[in-house]
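The residues making up each chain are set out below.
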Protein chains: 2
Amino acid sequence: MNNVIVQKYGGTSVGDEEKIKHIAKNICKKFDEGYKPIIVVSAMGSTTDELIKMSKKVTFSDKNPDLRERDILLSTGELVSSTLLAISIKSLGKNVISLSGSQAGILTNDIHGSARISDIKINRLKDEIAKNNIIIIAGFQGINPNGDITTLGRGGSDTTAVAIAAAIKADLCEIYTDVEGIYTTDPKVVYNARKLDKINYEDMLEMSVLGAKMHPRSIELASQYKVPIYVCGTFSSKSGTLITGENNMENNKKITGIAIDKNVAKISIKKIKDQPGIIARILEPLSAKSISIDVIVQNTPDKGYIDFSFSLSEDDLEYAHEILINEKKLKYDSIVKANGLSKISLVGSGMQNESGYASTMFKVLGDQHVSIDMITTSEIRITCLINQIDTTKAANALHSVFELDK
Amino acid sequence: MNNVIVQKYGGTSVGDEEKIKHIAKNICKKFDEGYKPIIVVSAMGSTTDELIKMSKKVTFSDKNPDLRERDILLSTGELVSSTLLAISIKSLGKNVISLSGSQAGILTNDIHGSARISDIKINRLKDEIAKNNIIIIAGFQGINPNGDITTLGRGGSDTTAVAIAAAIKADLCEIYTDVEGIYTTDPKVVYNARKLDKINYEDMLEMSVLGAKMHPRSIELASQYKVPIYVCGTFSSKSGTLITGENNMENNKKITGIAIDKNVAKISIKKIKDQPGIIARILEPLSAKSISIDVIVQNTPDKGYIDFSFSLSEDDLEYAHEILINEKKLKYDSIVKANGLSKISLVGSGMQNESGYASTMFKVLGDQHVSIDMITTSEIRITCLINQIDTTKAANALHSVFELDK
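Keep in mind that this is a model prediction, so the values were computed, not measured. (Residues numbered from 1 in each chain as written. Chains lettered and ligands numbered in written order. Predicted model: local features only at pLDDT ≥ 70, side-chain atom pairs only at ≥ 80, totals over all residues.)

Bringing the overall build of chain A into the picture now. Along the backbone of chain A there are 11 helices and 18 strands. Each principal axis of the C-alpha atoms in chain A carries an extent, and together these give about 75 × 55 × 35 Å. Counting every position in chain A, which comprises 406 residues, the buried fraction comes to 48%. Residue pairs at least 24 apart in sequence account for 74% of intrachain contacts in chain A once pairs closer than 6 positions are excluded. (Helix = DSSP H or I, 4+ residues; strand = E, 2+ residues; numbered from the N terminus. Buried ≥ 20, exposed ≤ 12 C-beta atoms within 10 Å, placed from the backbone. Contact = placed C-beta atoms within 7 Å.)

Our next topic: the nonpolar core. If you look at the biggest cluster of nonpolar residues, it comprises 204 residues, and the most contacted ones within it are Ile39, Leu85 and Ile137 of chain A together with Ile39, Leu85 and Ile137 of chain B. When neighbours within four sequence positions are excluded, Ile137 of chain A is seen to be in contact with Ile38, Ile39, Val40, Ser82, Leu99, Ala104, Thr160 and Ile164 of chain A. (Core = buried A, V, L, I, M, F, W, Y, C linked by C-beta atoms within 7 Å.)

Many analyses report the size of an interface as the accessible area lost when the parts associate. Each side of the interface is counted separately: chain B has 29 residues, and chain A has 29 residues. Of all elements in the fold, only helix 1 (17–32), helix 2 (47–57) and helix 3 (67–90) of chain B reach the threshold of two or more residues within the side of chain B that touches chain A. With 13 residues, helix 3 of chain B is the single largest residue contributor to the side of chain B that touches chain A.

Residues and elements named next belong to chain A. Strand order across the open sheet formed by six strands is 14-15-13-16-18-17, with antiparallel pairing between neighbours. Among the strands making up the open sheet, the edge pair consists of strand 14 (293–299) and strand 17 (372–378). The mean inter-strand angle of the sheet, taken between neighbouring strand axes irrespective of direction, is 30 degrees. Both strand 17 and strand 18 (residues 381–387) contribute to a ladder of six bridges, which runs antiparallel. Across the sheet, residue Ile372 finds its bridge partner in strand 18, namely Ile386. Lying on the sheet, helix 9 (residues 317–325) is in contact with strand 13 (257–273), strand 15 (305–313) and strand 16 (334–347); it crosses strand 16 at an angle near 135 degrees. Contacting strand 16, strand 17 and strand 18, helix 10 (residues 357–367) crosses the sheet at an angle of about 20 degrees to strand 18. (Pairing = 2+ DSSP bridges. Axes fitted to C-alpha atoms, helices over the stretch in contact; angles between N-to-C directions.)

Below, the discussion takes up the sheet that holds strand 2 (residues 36–41) of chain A. Residue and element names in this part refer to chain A. Ordered in space as 3-6-2-1-9-11-12-10, the eight strands form an open sheet in which the pairing is mixed. The open sheet terminates on both sides in strands that have one partner only, identified here as strand 3 (96–99) and strand 10 (198–200). Recorded for the sheet is a direction-independent mean angle of 20 degrees between the axes of neighbouring strands. Relative to strand 12 (residues 241–244), strand 10 runs parallel, the two being bridged by three bridges. In the strand pairing of strand 12, Lys198 is matched with Leu242. Lying over the sheet, helix 1 (residues 17–32) contacts strand 1 (4–9), strand 2 and strand 6 (134–138), oriented at roughly 155 degrees with respect to strand 2. The sheet strands contacting helix 3 (residues 67–90) are strand 2, strand 3 and strand 6, and the helix crosses strand 6 at an angle near 165 degrees.

Let us look at the environment of Leu51 of chain B. Residues and elements named next belong to chain B. Within the element layout of this structure, Leu51 appears in helix 2. Remark: the alpha-carbon pair of Leu51 and Gly77, spanning 26 residues in sequence, is separated by 8.2 Å. In contact with Leu51, not counting residues within four places along its chain, are Leu73, Leu74 and Gly77.

On to the confidence of the model for chain A, then. When pLDDT is averaged along chain A, the result is 91, and 97% of the positions lie at 70 or above. Among the prediction metrics, the complex's ipTM stands at 0.82, with pTM recorded as 0.84. (pLDDT = per-residue confidence, 0-100.)

Attention shifts here to the packing of helix 5 (residues 156–167) of chain A against helix 7 (residues 216–225) of chain A. Residues and elements named next belong to chain A. Their axes nearest at 8 Å, the elements helix 5 and helix 7 cross at an angle of 15 degrees. When the interaxial angle is binned, helix 5 and helix 7 end up roughly parallel. Note that helix 5 runs across helix 7; the crossing there is left-handed. Contact with helix 5, carried on its side by Asp158, Thr159, Val162, Ala163 and Ala166, involves Arg217, Ser218, Leu221, Ala222 and Tyr225 of helix 7 and no other residues of that element. Split into classes, the residues belonging to the contact of helix 5 with helix 7 amount to six nonpolar, two polar and two charged. (Parallel < 35°, antiparallel > 145°, perpendicular 65-115°, else oblique. Left-handed = near helix turned anticlockwise from the far one by under 90°. Nonpolar A, V, L, I, M, F, W, Y, C, P; charged D, E, K, R; others polar.)

Moving on, we come to the relation of the copies chain B and chain A. When chain B is fitted to chain A, the residual RMSD is 0.1 Å, and the transformation amounts to a turn of 180 degrees plus an axial shift of 0.0 Å. Each copy turns onto its partner about a two-fold axis. Taking the C-alpha atom as reference, chain B places Thr76 of chain B closest to the rotation axis, 2.8 Å from it. When the interface residues of chain B are mapped onto chain A, 100% of them again fall at the interface, so both copies present the same face. (Least-squares fit on C-alpha atoms with pLDDT ≥ 70 in both.)

Glancing now at unusual backbone geometry. Residues and elements named next belong to chain B. The phi torsion at Asn132 lies on the positive side, around 65 degrees, for a residue other than glycine. Mapping Asn132 onto the fold places it in the loop between helix 4 (123–130) and strand 6 (134–138). Its identity is not glycine, yet Lys271 carries a phi of approximately 55 degrees, on the positive side. Of the residues examined, Lys271 has 16 C-beta atoms within 10 Å and is grouped as partly exposed.

Let us now look at the environment of Lys266 of chain A. Residues and elements named next belong to chain A. Following the sequence through the fold, Lys266 ends up in strand 13. Sequence spacing of Lys266 and Ile199 is 67 residues, and the spatial spacing of their C-alpha atoms is 31 Å. Setting aside anything within four residues of it in sequence, one finds Lys266 in contact with Ser309, Ser311, Ala338 and Leu341.

The next thing to look at is helix 5 of chain A. Residues and elements named next belong to chain A. With 12 residues, helix 5 extends 16 Å between its outermost C-alpha atoms, agreeing within 8% with the 16 Å of an ideal straight helix rising 1.5 Å per residue. Burial analysis of helix 5 places 11 of its 12 residues in the buried class, which makes it a mostly covered element. Just beyond helix 5, the residue with positive phi is Lys169, at close to 55 degrees. (Expected span 1.5 Å × (residues − 1).)

Written out as structure tokens, the structure reads:
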């Protein structure tokens, strides 16, 4: 749609009332330049974390908070930021309306806590654009077929923004955040991390899956619907990073970046009786609750038995552990849970069909006395699980050896 | 409906996570005793005040926050408390569901900020009762014919509870609060204020309109639909106060109580040119914005001119003042706004057709050197506007002279 621009502001960008006023002015400026802005906002600052904490505190024993209720609870964070932004813009004399995810037409499946968008009904958005309204959408949320509020998982507002941009055929989806763009690696871990001018969807998807700051599904959607994304700093005038389908011809590097995820845990199940379909029987109850598992390792300690380990997000560890110990049909010696791990990954679509990257990576980590717990690879990435305390050392060594600072 | 009981918990009763857990246990006990509880909750502690403060902070210049947006913002407070309570009850192993005002079928008119309930669609409530679910309803909110969230005004959760009780034909509506019942006057102002065992709707309505802790419309509704209300302390085992249609025969006192409202402001318009309909022209723009005005005084300083003063809530003062100075068609010398006033009222249906109460009241205030700014009376009450600093002195003297402590 002509001149429609989607902008998403993250939690730190709407972190307090002064920041909201700053953004309000920016949006009005864009409107005055002739754009039709559709704004997606996250919850203010650490609101979501605080709400999760509260939901745990009111829970008796060590049960997990009911997910339907928790989704309604969490959705309030974005309602607060979206209405405050609308109030601020309105006081600048512009026509503006805030919409909840449901009002914005965002339909999802019914997996509470990590729902997927199934469709976007754009009638309301088109009506509001026709009325010349600036539209503020509460990110991170939608509504399921039962009419209950769902949330899209951590970082889900990115996905809201891209999905809206795709549905309304916006020219561009801008992601405003507290960093100035996408970096070769986490600048908090590697001080000479370099900002990229461009990155393609493929590499960005790996980077985001592996811990970079964007919601992976937002990149999948952007790639599928060819939505260009521009990531930049809310309070910075420097240029950001463009995420598109184009390969960056001028960049001859094979490695695009190093993704770091410090939020990794592991569950190991020792001596499971080996039977056909046993792995599926372990994983199905987890996927039924939308718990993503990541790296998987299987050993055969004794004939007829297997040891099975997998990594997962630290946030999911307790819940996954509880689910597995309640699976009475599984026979095994013991289940061990562990956190305090990191995942470090070399990413680059330039690596495809070229060899030697994995062995170089293992050698660099060995030289640094970093022990590797698990390994997994794809066409365009190599991932190692290591101890969290080794993260900085490992990332800096890899960044330097692969010359990502240049 | 058989065994259905409506309970409302106020802001201090759900003030923190521990209090929510305490309430959750009480509700489960009631459920186990065979009741079908429908719970209405206010926002936690001072949440609503904090949200109002935020809405003012994001507003440029001295504009008032957009009321549609502010209503969505404020409604989040009750969504948080209702879902936390539901999570807590669920973790005790009970079936429970939280419903927003809209989901609970609460339809209102479209006066944002002080909407009136127009109807309650009880289908969803009946379904959830049939499923044996404990129902938690977010108080204070409904939905207007445009599908926008509305709020019912300060204390509106009381009205939600009574309206639900009336619609579902509950046996009783219990209001749990931070005081143990209805007192002859505010115990914070008069230390020997006495708790009433019973009070009739008529007296309670006057008391609540005049500053006692309940939402006046909740009493109107209770009176209209004959819903008995029991007000008691959430964290107390002492008996509370029953509000019903019955006159309390055992209580021979003519005066039921003294209502105190410290939140009073005044606007005076000096030397308005007198014309037919001039008062209506002053008041119409205020009532259009749902600003209630209270005591009215009119003088005639010079022939052909009037001075016009009225009292209103301190919360509305700035907004009302802004509306009036923008009414370009009004011709006058000056508008003066003032706050720092109190309203003190003798209330008692026993006063009807008996004389002498007003003169006694004025004499008591005179003896205490309390000057009276405005006076208004009804069949069952006498109200004086005084300076806020004189409130304690005046209330104690009246309470003692009319023997309310006995």
